[in-house]
Amino acid sequence: MKMLFDGLQFVAEFDAGFSFKKKKEVRDAIIKNGGILSYLLNRKTDYLLLSNPEKIESFKCRSAIQKGVPVVNVDFIFKCIEESLVIDAKRCEVVSESNKKAFQKGKISETKKRRSAGQKRTILPSNVKFWARDDLNAPFFDEPASKLIKWAVYERESNAVKSCLVIEVAVCLQRDDPKNYRILVNSGTNFSQKREKDEFFVSGDSEETVATFAGLCQQAGHNRWNKSTSLPPAHLGSVKLHAMLSSFLPDQSPDESVLQLVYAMWEESMGQLLRRITKPLNEFDLDMVRHSFAYSLTLSCAQVEEIEGILLQMKSSIQTRSPPSEMESLLNDLVEKLTLREKPSKVTLSEIASFQNLCQLIRDLICVQEANGGQPTTPIAKYTALGCRIGHVSEGSSEYEEVLERIKTSNSNASAISVRNIFRIQRCIEDEQFNTAVGNNTTLFHASNVKNFVGILSRGLLLPKVVVDDLGGLRTDAGLLGTGIYFAKDAMVSAKYSSPSETQGTRLMLVTEVALGRSKPTTKSDTTITDPPVGFESYHGVKATTETPSDFKDDEYAVYHVNQQRLRYIIEFTLPADKPKLPLALPASPMVQTPAAPVTVPMDASIDDMDCTETTTTPAAKAGLFSGGEMIPLRAVHVRARVVDLAVAVTLWQCFQNNSSQPIECRYVFPLDDNSVVVGFEALINGKRVVGRVREKKQARTEYREAIEAGHGAYLLEQESPSALSLSVGSLPVGAVCVIRVEIVAELATEGDELVWSLPGSVAPWEEESMLRAKRQAMTGTVAVAGARFGVESSLRVSVQMPTPLRRVECTTHRVRKKETECNAVVELARDQALDGRGFRLSILLAEVHAPRMWVEQGQPGEPQGCMVTFYPEFECDKSDDFECVIMVDASHSMKGQAFNDAQRVAMMVLKRFPVDAFFNVVLFGKGWKELFPSAVRATEENRLNAANFIKSASPTLGSSELSQPLFASSCMASPRGGLQNVVVLSDGHLLQPEQVIHVSQLASRRSLRLFTCGVGPVANRHMLRNVARHGGGMFEMFDPSAKSKWTDKVEAMLDCFGQPSLADVRVDWQVFSEEKREAMVQAPQLLPSLFHGQRQVVYGMVDDCRMATLRASADGTELSTVVSTYDMAVTTGRMLHQLGAKAIIRDWEEGVLHARRTQHEVEKRTRKAAIIDLSVKYSIVTQFTSFIAVEERKPGEVISENPNVDDLVMENDVDCLPYMAWVEPLRDVAHEEKQVEPLRDTKGLMGDNEFHLDDDVYDELFVDDSCALDCSFRADSVEMDSDDDDNDKDMKYRFMKKGGGGGDNWNEDEECDDECEADGFLGGEWDDDMLAKLVPDPESAQAHMSYLGERLDA
């Protein structure tokens, strides 16, 4: 039945003198009449209730007036109840004194005040000073230390002569220089090496720099220059520009011999890897990139860093002479992580160096494949991914002869080198960084194994790791001259360090240009050298002769900075003993990649929200589970959940059966929300219940393997990524049924005014495949349950128990049936519904929303109490429409399909809602980035239309996801008007170099740039995106494709944050009266992120005797605070909060940056491993270091005599908190994602003397099965009640009409029914208004008849 305040949301502003009793009266009056009481003022607020009219000038009241929300006194509530209607707000409106005076003078003040829009500074290029580059009086700019952040390339043709104009902006942040910005302008013809214009402008002001750059671009357009996406001629633009553009605008037409070289190098690297590891190559993590580029971003690189951390610990163990047991443990970890074919009998520093080289090889292969993403198997793709230019030098050419002569003259025996091919190399990044100031440039040789050349060409030669952990690659060896890069003047000397390849039988050697500078000669070796002596730039190890004894057998040169060398040529050669093979045949694949054609969009396209359709589709999973045509074991999945206040406890049941002819191991992967933690695990098989225990991951795997080898059953549950769990059911006997029970606790998320619990339905396919292929034992065959968890029997039931009344409980992913009371509800899937790839999503709206609260849980004896506090901070901040926002859309390969469509849609929604006073820009990023406007522009209709066309015509073809570069560029160009600057990143979260992204996010935050992240796509890495937003001072939102109806609210909430300052220096003060207890207190997260007005912040604490906490922060230099508390009677018992708090503490350790160097960070992580394990075991939670293990001991010859019944087990753990109520069934034609259709429609206007009709279709919608508590059917113009009893099949017809616009009610009884219709499940067997309203959602026309009908109907 419709209630007086249905759909209305009130915010109360109570004065301190307003008594608790009066507050309760107002609260109860609102809630009992169907209203919602919120503690935050937002766009959904309908009325602001004010207890003291003198507070009309408070910030909250001013904000309400600005938003157009009526400010009324509390009597408004009681007058509405007294008159039984919502009265005109003006009758109780509170008006400020200033508005009263203005009105008396005939003035009406503007309701919504806007801050005056900032004026973009316009600078004419002719009004600023440009310097010629050869001007000796020109100001200094440290170009080697600078970074390129903006550029524009233009072309035009006149009289058949093509010309090019290049404008670029660089910034130098390493020097404390007032002139740290530079704009460089070059122009000239394409064929001439002469520059017609070569000048620059320097400034210390980002505003001036941006305005000048925009002016230059605008001037170029007026002078008929056309924007170009091509690489400019070599003589135009800086070396840095060429280096950057060449990395993502590579040569698309390499010679076939070049492709042959690249293909052979790649195959050699892969072959070397295969000789060290046990897995087939297509099962190793790095090759998962062939299926999806994003895999290696989330897992493989992290694995390599973890292995490198183990190697550093092994090295330290040798140097400190640690106990042998420690080395044995580390070695076992290494063998497991790398899956080595053979375990080394003895570990030496040399062996550690070889393993580190293996890690470098894996890293190189990963990076090369990541850079190409879409087609990593084609030769052209491999070449493109190297990021350098390689050209074949024709035999007989002057260039060829010059290089050949240099080889021959280097040694009298050089004739033994048989040159087969010479290739020219250009690595623009080396040209950019090469330090010409050192001088003494010399051509030297450097050789290596062919397997190393994929890495050498993609990232250059590297210093040993003990000196540098940089450039995406690492070296570990130290030679006779210490940790330098070694070269030789003699080609034969370098040739000694090469070896013939397995694939071609040929060798490779580099010809390099080395800036030796002053070289220090020495005859003594010293492996500790890390730098040349003062006054020198290199070392020269002098060759021993009969006259001069020396430690060096040959002349060697070493430099200690990578910018003192650059690659020039690759020599493919053989020595006399080599046996070259025929060249490898290139695979039959397209030689040139054709980028996807952009979508053509009419220039007059609307900026309305775009309905994106998927460009690619994922094949649906087959019904049932199969492996090689044979049914595999997952039979059923059942979920039961209890939502209590802000947390949820979930029990997941999975039933496996072995229908094969031999025992098997079953591996199953299922998704996990990143707010969840696994806290319980048990297996039921053959009448036995085996309870899992938390163990250190390595120990758990050992116990699992040993149990299977001993003929027992074993069950292993691991969390190998923040978003997925893997379950191994080991040695499942023939015909056996095994039921696995997993317990999970999670913190509810918030979306606007709603609490949300979601059960993910998909795991990223590359992540799932890796977990399924992991080898845990060798006794039985492993069956992978991949992508087919759906299509099996499934059910889901959720109970909701809240401390305040419920206003709405709904599911946006499935049709559900429900039971509801004021504060409780039960929801379960309708009978025709099943868990599938959409996952499950439940949203809950409470009568009191945004209420700060404190939840205290008493722990077990000896444990501190667990606390969870939830704040919704309010502070005075006038929202401004005068802000700047950069929309960054991820256009990398991993975004193909639904993810990119969703990103386009969200970008359009943001674009459409920009206020006219805002400034914006749009950036597409991948391997490189594309910027729509030279600088942020005002959000006019024309500019937004141009942006809409830009977004719609984009496609995900930009390679790997490299966010750090465009983000750094935006942070350097701080808001030119000193206003609020925001960046919105739309991505699936599978970002390259995540630690670098986090570092740049922190830098951006310090420069007043707030970073908002939006997750899109079904397999978004929420963990990564949330972490980026946290460090970037912004917020994260997930745009779930199964809940698109919520997207508008999310976008508008985010836009509200764009125009307001954020809270900084956020901290929590726990009220503890003992200093000892304060010192023992643990809080998570330890460092709180920046907050926005009204944004929820949940903080966990392990602290005794605490009932109050204060959130403190600062905004614009003003200290703010808000308090939340609880009382002793509200303290609960259990472990849910303790487990969520422990998870939060562990997450702090996992996500924190423990060391600036990546591998050292891994070492620190492993050092703290013991503390993490202890905490995990104490509270029975799974982490990256711990797993659940359950072992089922079996007797010899034991047979399966009793299989568990999963249905009985689920029933034993039923969560139905309303067993006495009947289910309300869903409507059949409810659109499963978007809306519910009203079951009763206004067929005749429903005004005056009109009958209310219920036809057969409506009947079908209301009663989809025979399980309704009241079995009845509604017929054409009347309501009929049919008994199922054949002996008493009589009809009772009731006709109800509304007379004269509500003048009176008339009940017409056409027939009498001799039998009572049973209403099992209803209280007392009687109908009341609530029951009837639950059965038939109340239409406006029938409102007056419901109570009367309830009185007349008997059970």
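Conventions we followed
Residues numbered from 1 in each chain as written. Predicted model: local features only at pLDDT ≥ 70, side-chain atom pairs only at ≥ 80, totals over all residues. Heavy atoms only, no water. Helix = DSSP H or I, 4+ residues; strand = E, 2+ residues; numbered from the N terminus. Buried < 20%, exposed > 50% of the residue type's maximum accessible area, 1.4 Å probe, protein only. Contact = heavy atoms within 4.5 Å. Areas by Shrake-Rupley, 256 points an atom, 1.4 Å probe, with all protein chains shown as cover. Patch = residues over 30% accessible without salt bridge, like charges linked within 9 Å, V, L, I, M, F, W, Y side chains within 5 Å. Salt bridge = Lys/Arg side-chain N within 4 Å of Asp/Glu carboxyl O. Lys, Arg positive; Asp, Glu negative; His and termini not counted. Charge placed at Lys NZ, Arg CZ, Asp CG, Glu CD. pLDDT = per-residue confidence, 0-100. Core = buried A, V, L, I, M, F, W, Y, C linked by side-chain atoms within 4.5 Å. Expected span 1.5 Å × (residues − 1). Phe/Tyr/Trp six-rings, centres within 6.5 Å; stacked < 30°, edge-to-face > 60°. Lys NZ or Arg CZ within 6 Å of the ring centre and 35° of its normal. Polar contact = N/O pair within 3.5 Å; in protein donor to acceptor, adjacent residues only side chain to side chain. Pairing = 2+ DSSP bridges. Axes fitted to C-alpha atoms, helices over the stretch in contact; angles between N-to-C directions. Disulfide = S-S within 2.5 Å. Right-handed = clockwise from strand over helix to strand, strands pointing away.

Peer 1: Would you explain the overall build of the protein chain in this entry?
Peer 2: A count of helices and strands for the protein chain gives 32 helices and 59 strands. Counting only residues that meet the buried cut, the protein chain has 55% of its 1355 residues in that class. Contacts spanning at least 24 positions in sequence make up 74% of the contacts within the protein chain whose residues lie at least 6 apart. Carbon and sulfur atoms form 48% of the exposed surface of the protein chain, whose accessible area is close to 58,000 Å².

Peer 1: I keep staring at the side chain of R853 and nothing clicks. Help me out?
Peer 2: Relative to the elements of secondary structure, R853 occurs in strand β40 (residues 853-858). On the basis of relative accessibility, which here comes to 16%, the residue R853 falls in the buried class. The residues contacting R853, other than those within four sequence positions of it, are D645, L646, P803, L846, M868, V869, T870 and V1124.

Peer 1: What is the right way to look at a negative patch on the surface in this model?
Peer 2: Together, E793, D1207, D1208 and E1212 line one region of the surface with negative charge. In terms of residue count, the dominant contributor to the negative patch is helix α29 (residues 1206-1212) (three residues).

Peer 1: Hey, could you run me through the confidence of the model for the protein chain in this one?
Peer 2: The predicted coordinates of low-pLDDT regions are not to be read in fine detail. Mean pLDDT over the protein chain stands at 76; residues scoring 70 or higher make up 76%. Note that pLDDT drops below 50 for residues 279-299; the model gives that stretch 73 contacts with residues more than four away or on any other chain. Low confidence marks residues 786-790, where pLDDT is under 50. Its contacts with residues over four positions away, or in another chain, come to 23 contacts.

Peer 1: For this particular structure, what's the right way to read the nonpolar core?
Peer 2: Side chains of a nonpolar character, in soluble globular proteins, are inclined to be buried together. Ranked by size, the top nonpolar core spans 82 residues in total, and within it I740, W757, F840 and I844 carry the most contacts. With seven residues, the top contributor of residues to this core is helix α26 (residues 1136-1151). Ignoring any residue separated from it by four or fewer positions in sequence, one finds F840 in contact with W757, S758, L759, L796, V798, C811, T813, H814, V816, L829 and L835. In terms of nonpolar packing, the next biggest core, distinct from the first, is built from 53 residues, W929, L963, A969 and V1000 among them.

Peer 1: Sorry, what's going on with helix α22 (residues 994-1006) here?
Peer 2: One turn of an α-helix holds 3.6 residues; hence residues three or four places apart share an orientation. An ideal rise of 1.5 Å per residue puts 18 Å on 13 residues; α22 measures up with 19 Å between its terminal C-alpha atoms. Residues of α22 that are buried: V997, I998, V1000, S1001, L1003 and A1004. Where the residues of α22 are buried, they touch α21 (964-972), β47 (1009-1015) and α23 (1022-1031). Positive phi appears at S1008, one or two residues downstream of α22, with a value of about 65°.

Peer 1: Explain the packing of aromatic side chains to me, please; I cannot follow it from the model alone.
Peer 2: By convention here, two paired aromatic rings are described through the distance between centres and the angle between planes. Using the criterion set out here, one finds 16 aromatic pairs in the structure. Here F681 and F1188 contribute two aromatic rings whose centre-to-centre distance is 5.9 Å and whose plane-to-plane angle is 40°, an arrangement assigned as tilted. Taken together, the residues span a long stretch of sequence, with F681 in strand β25 (residues 676-685) and F1188 in strand β55 (residues 1186-1192) at a distance of 507 residues. For the pair F681 and F1188, a shared accessibility class is recorded, and that class is buried. Ring centres 5.9 Å apart and planes at 90° place the aromatic pair F920 and F933 in the edge-to-face group. Linking F920 in strand β43 (residues 919-925) with F933 in the loop between β44 (929-931) and β45 (937-938), this pair joins segments that are 13 residues apart in sequence. Residue F920 shares its accessibility class with F933, and that shared class is buried. Ring pairing ties together the aromatic residues F883, F914, F920, F933, F1012, F1058 and F1092, which thus form one cluster. Above the plane of the ring of W131 lies K129, whose end atom (NZ or CZ) is 4.7 Å from the centre. It is K1050 that lies over the ring of F1039; its NZ or CZ is 5.8 Å from the centre.

Peer 1: What is the right way to read helix α5 (residues 206-222) from this model?
Peer 2: Between its first and last C-alpha atoms α5 spans 24 Å; for 17 residues at 1.5 Å apiece the expected length is 24 Å, and the two agree. Buried within α5 we find S206, T209, V210, A211, T212, F213, G215, L216, C217 and A220. Looking at the packing, one finds that the buried side of α5 touches β6 (147-158), β7 (161-171), β8 (181-189), β9 (197-203) and α21. The N-terminus of α5 is capped by D205, whose side-chain oxygen sits 3.0 Å from the backbone nitrogen of E207. R224 occupies a position one or two residues after α5 and carries a positive phi of about 65°.

Peer 1: Any chance you could explain unusual backbone geometry here in plain terms?
Peer 2: Excluding glycine, residues mostly have negative phi values, and the peptide bonds linking residues are mostly trans. Cis geometry marks the peptide bond from A1084 to P1085; its omega dihedral reads -5°. When you line up the elements, P1085 lands in the loop between β50 (1082-1084) and β51 (1097-1102). If you check the backbone angles, R224 has positive phi at about 65° while not being a glycine. Note on placement: R224 falls in the loop between α5 and β10 (226-227). Taking the relative accessible area as the measure of exposure, R224 reaches 71% and is therefore exposed. Of note in the backbone geometry, S1180 takes a positive phi value of approximately 55° without being a glycine. With respect to the element layout, S1180 can be found in the loop between α28 (1169-1179) and β55. On the accessibility criterion, S1180 (26% relative accessible area) is partly exposed.

Peer 1: Before we go on, may I ask you to explain the sheet that holds β10 in this structure?
Peer 2: Neighbouring strands of a sheet are bound in pairs by backbone hydrogen bonds; such pairs are parallel or else antiparallel. Read from one edge of the open sheet, six strands run β5-β9-β8-β7-β6-β10, paired in antiparallel fashion. Looking at the sheet topology across the chains shown, the edges are occupied by β5 (131-132) and β10. Strand direction decides the pairing type here: β6 and β7, joined by eleven bridges, are antiparallel. Along β7, the bridge assignment pairs V153 with V166. Contacts from α5 reach β6, β7, β8 and β9, with the element oriented near 20° to β8. Lying on the sheet, α21 is in contact with β6, β7 and β8; it crosses β6 at an angle near 95°.

Peer 1: Got a minute to help me understand the sheet that holds strand β3 (residues 47-50) in this structure?
Peer 2: With parallel pairing, the five strands of this open sheet are ordered in space as β4-β3-β1-β2-β39. Of all the strands in the sheet, the pair left with one neighbour each is β4 (71-73) and β39 (848-849). For strand β1 (residues 9-13) and β3, the ladder comprises four bridges, and the chain directions are parallel. Within β3, the position partnered with A12 by the bridge is L49. Contacting β1, β3 and β4, helix α3 (residues 75-83) runs over the sheet at an angle of about 75° to β4.

Peer 1: Just checking my understanding: could you explain the state of the cysteines for this structure?
Peer 2: Here, the word disulfide means a covalent bond between the sulfur atoms of two cysteines. The full count for this structure, using the stated rule, is zero disulfides. For the unlinked cysteine C666, the closest cysteine sulfur is that of C738, found at 9.4 Å. Look at C666 and you get buried, because its relative accessible area is 1%.

Peer 1: Just to check I follow, could you spell out the pattern of salt bridges for this structure?
Peer 2: Oppositely charged side chains can pair when the atoms bearing their charge come close. On inspection of all chains with the given rule, the structure shows 46 salt bridges. The salt bridge partner of E962 is K927, with a shortest N-O separation of 3.2 Å. Of this pair, E962 sits in the loop between α20 (941-952) and α21 while K927 sits in the loop between β43 and β44, placing them 35 residues apart in sequence. Residue classification places K927 among the partly exposed positions, given a relative accessible area of 22%.

Peer 1: So what exactly am I meant to see when it comes to the pairing of strand β42 (residues 883-890) here?
Peer 2: Along any regular strand, the residues point their side chains to alternate faces of the sheet. Burial within β42 is extensive, with eight of its eight residues counted as buried. Along β42, one buried face is formed by F883, C885, I887 and V889 and the opposite face, lined by E884, V886, M888 and D890, is buried too. One ladder, built from seven bridges, connects β42 with strand β46 (residues 980-987); its direction is parallel. When the sheet's bridge partners are listed, F883 is paired in β46 with L980. Relative to β43, β42 runs parallel, the two being bridged by seven bridges. Along β43, the bridge assignment pairs D890 with F925. For the segment spanning β42, helix α19 (residues 898-912) and β43, crossover handedness is right-handed.

Peer 1: Honestly, the side chain of H1031 in this entry has me stumped. Any pointers?
Peer 2: Positionally, H1031 belongs in helix α23. Looking at H1031, the relative accessible area reads 17%, which means it is buried. Side-chain polar atoms of H1031 contact the side chain of Q1002, separated by 3.1 Å. Setting aside anything within four residues of it in sequence, one finds H1031 in contact with I998, S1001, Q1002 and S1005.

Peer 1: Sorry, what's going on with the environment of K32 here?
Peer 2: With respect to the helices and strands, the residue K32 is situated in helix α1 (residues 20-32). With relative accessibility at 58%, the residue K32 sits in the exposed group. Between the alpha carbons of K32 and F5 there is a distance of 8.9 Å; along the sequence they are 27 residues apart.

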